[in-house]
Amino acid sequence: MEEGGVIELSDIEERQVRGARTQSLFREVNERVAEINHAFSDFLPLGDWVCECADPQCTERVQVTREEYEKVRTDPRRFVVAPADAHVVEEIEHVVDRTERYWVVEKSGLAGDLTAKIDPRRVGLAANA
Ligand SMILES: [Zn+2]
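Residues numbered from 1 in each chain as written. Predicted model: local features only at pLDDT ≥ 70, side-chain atom pairs only at ≥ 80, totals over all residues. Heavy atoms only, no water.

Engineer: Please provide a residue-by-residue account of helix H2 (residues 66–73), values included.
Structural biologist: The set of residues buried in H2 consists of Tyr69, Val72 and Arg73. Taken end-on, H2 shows its buried residues confined to a sector of 100°, consistent with a single buried face. Residues of H2 that are exposed and point over 90 degrees away from its buried face: Glu67 and Lys71. (Buried < 20%, exposed > 50% of the residue type's maximum accessible area, 1.4 Å probe, protein only. Helix = DSSP H or I, 4+ residues; strand = E, 2+ residues; numbered from the N terminus. Arc of directions from axis to C-beta.)

And the structure:
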């Protein structure tokens, strides 16, 4: 360690960092959506969520019940994405659940660690890290 704390990232690590940031942003959007969906959950069994894949251009919507979303959110490495291979970046994540309406991906390695740290529900914990 002679570089004074400067960390050199490889290409794949850079992709992981970028993907983690994007997905954490989408997750923050969905945190707001969760509040809105909660207000309407008496009328609508399914909520409209934004796809949480690593593509910043993606505007896909996914139909997930609030209960299903909360289940996914219990693990900070997991994200809800639209049900197609185009929404999965195989080198940084893998599909852990497939339904007709949505897939659940789990980040691995560095991307998983990062998304766990950026989890808006764990901000208090990450602040001291
Ligand atoms: Zn997507």
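There's more to say after this.
Engineer: Give a detailed account of the coordination of the zinc ion, specifying residues and quantitative values.
Structural biologist: Of the protein atoms, only Cys51 (SG), Cys53 (SG), Cys58 (SG) and His87 (ND1) coordinate the zinc ion, at distances of 2.1 to 2.3 Å. What makes Cys58 buried here is its relative accessible area of 10%. (Donors = N, O, S within 2.8 Å, 3.2 Å for Na, K, Ca; no water.)

Engineer: Report on helix H3 (residues 109–118), specifying residues and quantitative values.
Structural biologist: Those residues of H3 that fall on the buried side of the exposure criterion are Ala111, Gly112, Thr115 and Ala116. The buried residues of H3 occupy one face: seen down the axis, they fall within an arc of 135°.

Engineer: An account of the layout of surface pockets is needed here, citing residue identities and associated values.
Structural biologist: Taken as a whole, the largest pocket encloses approximately 160 Å³ of empty space. Around the largest pocket, the lining residues are Arg15, Arg18, Gly19, Thr22, Ala54, Asp55, Pro56, Val89 and Ile92. For the lining of the largest pocket, a count of residues per class yields four nonpolar, two polar and three charged. (1 Å grid on protein atoms, 1.4 Å probe; cavity = no way out; pocket = protein on both sides within 12 Å on 5 of 7 lines; lining within 4 Å. Points joined across faces, edges and corners; volume = space filled by probe spheres on them. Nonpolar A, V, L, I, M, F, W, Y, C, P; charged D, E, K, R; others polar.)

Engineer: Just give me the short version of the pattern of salt bridges, but keep the residues and values in it.
Structural biologist: A side chain of one charge can pair with a side chain of the opposite charge if their charged atoms are brought near each other. One pass over the structure, following the stated rule, counts 11 salt bridges. Ionic pairing is found between Arg78 and Asp75, a salt bridge with its closest N-O pair at 3.7 Å. With a closest N to O distance of 2.8 Å, Glu93 and Lys107 form a salt bridge. Taken together, the positions of Glu93 in strand E4 (residues 93–98) and Lys107 in strand E5 (residues 103–107) put the pair 14 residues apart, joining distant regions of the chain. By the burial criterion, Glu93 is buried, and Lys107 matches it. Here the residues in one salt-bridge network are Glu31, Arg73 and Asp119, joined through shared partners. (Salt bridge = Lys/Arg side-chain N within 4 Å of Asp/Glu carboxyl O.)

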